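# Descriptive analysis of the structure
Take a look at the letters that make up each chain.
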Amino acid sequence: MDNVKKLSVLALSIAAALPMMASADVIISEYVEGSGGNKKAIELYNAGDTAVDLSGYTLIRHGNGAAAASLMATLSGTLAANGTKVVVHNLTDIPLDAGIDQLTSTKMTFNGNDAVDLMNGTTVIDRVGILSSDNFAKDVTLQRSDAVTAPQAVWVESEWIDKGTNYLAGLGARSGDFVGGAGPGPEPEVPAFSCTGATFTPIYDVQGTGFKSPLIADGKYKTDADYTVIGVVTARADSQKGFYLQEIDGDGSLFTSDGIFVNTNGSADEAIQPGVKVCVQGKIEESYGLTRITDVGDNFATDGNAEVPAAEPLYIVEGERLSNTLERLEGMKVKLDLATDMKVTSMYGRSGDPLGLVLSHKAPLMKATQVEAPGSDAAAAIQSKNKANQLQIIPSIKAPNGTVPYLADFNAETGYIRIGDTITNLEGMIGYGYGKYHLVATNQIATSDILRSDNDRSSTPDIATMGDIRVASFNVLNLFTSDSDVGGTLNATCKDQADADKAKKSCGRGAHTLEDYLKQRTKIVSALKEMNADVVGLMEIENNGFGETSSIQYLVNALNAELPAIDAYKFIEANEADKYKGKFIGSDAITVGLLYRPSKVKPAGDAFVIETPEQHAPAGVMSRGEGNDAETSPSYNKYQRHSLAQTFQINDEKLTVVVNHLKSKGSSCLEDWAEFAEKNDPADLQGHCNEFRVSAAKVIGESLKDIEGDILVLGDMNAYGMEDPIAVLTDYDAATAEREIVSASWTTLEGKVYEQTGSKIDKGYGLINLNTQAHGASTYSYSYSGELGNLDHALANASAAARLVDIQDWHINSVESILFQYSAYNQGDIEISDNAFRSSDHDPVIIALSYPAPVEPVVPVVPPKKDDGGSLGYLSLLMLSLFGLRRRKH
């Protein structure tokens, strides 16, 4: 207690000794968040009648409105009474009068949602902005009202005046524009920009023949000088805050573009419309790969009207990369026609936007590691080509959710688009952003302008009646029943009902209204009915046991209600000894499941669970980097779902079906950190946690070595066709392979240490990839980032593979729009159909197998001799023979 008193007295003594510096008179008087990266400035004003020593004052930034802050500038010197001080970025392109007291700092990097505080020691003196991620001053200058003479530790919005984008003339003056001296002066008249007498630079000279404007000096991204261009507006692009301008005549060259994007930050008025001739002055900038005119301000003017150039058919030179073609046409208006041969390769736009498509030339893109070995030159070459062969379609206008503004009558039944379809008659401007070339669509096409691929919708899979039995694998995309509205049992991760009702990625996944759940289940039931499989392996069904209100029971009830009794399903329940907490398969929120038709197959013995490894790595077990840059690893605790297996009796044969769902490629594992790939795709293109999936594949392979009869390993392996986990389960041989396959380090199995150091795999477990055997490597069940590939597999031992009649990835989900899913982002009021299309994000894989009924031997009929019973004996033998034949026929 005495120590507390001493500290309190000391603090009071220090405070009393400090000079009264009239800190209450220093305010933030102007906040400039300009359009350029370095157009940042804070103006301070001393409203008092005495000078203020700025020692101990700082400016801090609350990034994205966070409570935590970072230092931007340490102030110094004296601020005179009624004087100003302007603090700017050290690389600023803001012109300041020589008479203005200024300070530069490399850390002046705030944005329009970053609050800025003026601090004196640890005390907030004044604040501009709010502690929220909302933009309060994006790309604008805020000037404080002249009536304000006292600072506010909390922002008062009414004290600030929005002066528009790149308003800089007021810096150094308390208000108005700087005209020299300490005080404010009258605002000078700014003459309106005019095209008259201007010297114009042709747009094709601005664009040049390369990927960068020849007017921008090496090492820079923007010109120092302003340039003036003139042309006709071909399209507004309000979502991009600007418009497209094109030369009226052009230079006739195939190697230069006649068009360019003009960034106005939204200041272009309604007069800027297609067909209007406009001259504009600004700097030439390379903005993340896009050549554009920027820093325009009000320096643009209309100059009558002109005919908009017709859209040129997008002609792609044979053998040329699409990216090279698009660079030559950057900023120009083009048209996709039949000869352009642009196929849909992704149903998602930027940041998962379902209103945008991605097109590729000639064919949809295949994932490199689906068809070539990871880490190989061939895989790297495919990856490089794929990146260069993409054209993003983006709307030129903001449209209501659930609509595609460039496609008339978009709907789930007839007005759909699928991966592989060819898009024709779509017009738009070629631009670049977010790492892709894009077409800003300016017209609307009809469904008749979409040319369906050979893989158009089929309401029933071709394989549905093939073989003696069919086995399927189906990821049902978080089919959950634990929400209160649905009324199911809580899953293995739920703390309580409130936890289950939250929409998050742990306990409360899946539907959160009864209406959404019924939509989801109806679509899944529609798919299962048409698949007509006798055994179905499920993934991503909620792990909430096997009781009356479990997800798997709800699904079976709904499915059987749609089927005749002979086709009804039951589900396989895990053996009691294998259940987690007596209820679940493992401890994840989702699990695998097995459905079967008792009329076609019979369970032989108990089901068994194959536990998969966990990774538990304490901090510091690995290091990366060298010298002073060396780092030690953080801790990792990673899990993956267990597998479920059941042996079935089919006639006189046995088939063991193993259902799997290995660790996803999303969150990273220890080995990704070691390779500096915890945030990016690893160099071998196999995604995160590859070694962890290898560990699971190794355990699954070992668990099946002693099983007799046919074996079918299926499910969502989260590995493409040529990736390591599939190689481990199939034909990998270290003696002939060009690369090593290694399992994960720091793994446990069934609560015991499994492998503290990852081990090299010597040889695979000999299963056969049925899709590859039947159709080659180029098969797919999933689409991600514009590339197709198989995450869902069917692997068989030799005896089961010999029974293969056919295998089919039924493309009802991977190639369809997410807008047709039961619940999706930006869905709006679009009607969700009951059909099977987009019932999940993975396609089901269906396998037809030959298990013919055993043939009974035929007993030959020998006519009796007359003395062996006579006619009565003969008749008896004949009847027995006929009875036997009838039995065999039945």
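This text gives an overview of the structure that appears in the document. All values reported here derive from a predicted model rather than from experimental measurement. (Residues numbered from 1 in each chain as written. Predicted model: local features only at pLDDT ≥ 70, side-chain atom pairs only at ≥ 80, totals over all residues. Heavy atoms only, no water.)

Quick look at the packing of aromatic side chains now. Within the structure shown, the criterion is met by 10 aromatic pairs. Judged by centre distance (5.1 Å) and plane angle (20°), the rings of Phe 410 and Phe 820 are stacked. Of this pair, Phe 410 sits in the loop between β24 (391–395) and β25 (422–423) while Phe 820 sits in the loop between β48 (804–809) and β49 (845–849), and the two are 410 residues apart along the sequence. Exposure class is identical for Phe 410 and Phe 820. Each is buried. Members of the aromatic cluster, joined through ring pairs, are Tyr 31, Phe 110, Phe 136 and Trp 155. When the ring centre of Tyr 167 is taken as reference, the NZ or CZ atom of Lys 163 above it lies at 4.9 Å. A cation sits over an aromatic face here: Arg 457 above Tyr 416, 3.8 Å from the ring centre. (Phe/Tyr/Trp six-rings, centres within 6.5 Å; stacked < 30°, edge-to-face > 60°. Helix = DSSP H or I, 4+ residues; strand = E, 2+ residues; numbered from the N terminus. Buried < 20%, exposed > 50% of the residue type's maximum accessible area, 1.4 Å probe, protein only. Lys NZ or Arg CZ within 6 Å of the ring centre and 35° of its normal.)

Let's shift gears to the sheet that holds strand β7 (residues 84–89). Paired through backbone hydrogen bonds, the strands of a sheet run either parallel or antiparallel to each other. Strand order across the open sheet formed by 6 strands is β8-β7-β2-β1-β11-β12, with mixed pairing between neighbours. Both edges of this open sheet fall to β8 (102–105) and β12 (160–162), since each of them pairs with a single strand only. Between one strand and the next, the sheet's axes are offset by a mean angle of 25°, whatever the strand orientation. Where strand β11 (residues 141–144) and β12 come together, 3 bridges link them in antiparallel fashion. Opposite Leu 142, over in β12, you have Asp 162 as the bridge partner. (Pairing = 2+ DSSP bridges. Axes fitted to C-alpha atoms, helices over the stretch in contact; angles between N-to-C directions.)

Moving on, we come to the sheet that holds strand β43 (residues 752–755). Taken in spatial order, the 4 strands line up as β38-β35-β42-β43 in an open sheet, and their pairing is antiparallel. Strands with a single pairing partner mark the edges of an open sheet, and in this sheet they are β38 (636–638) and β43. Across this sheet, the average inter-strand angle for adjacent strands is 35°, counted without regard to direction. Here strand β42 (residues 747–749) pairs with β43 via 3 bridges, running antiparallel. Each residue of the ladder has a partner; that of Thr 748, found in β43, is Val 753. Along the sheet, helix α10 (residues 690–703) makes contact with β35 (614–617), β38, β42 and β43, crossing β43 at roughly 105°. (Contact = heavy atoms within 4.5 Å.)

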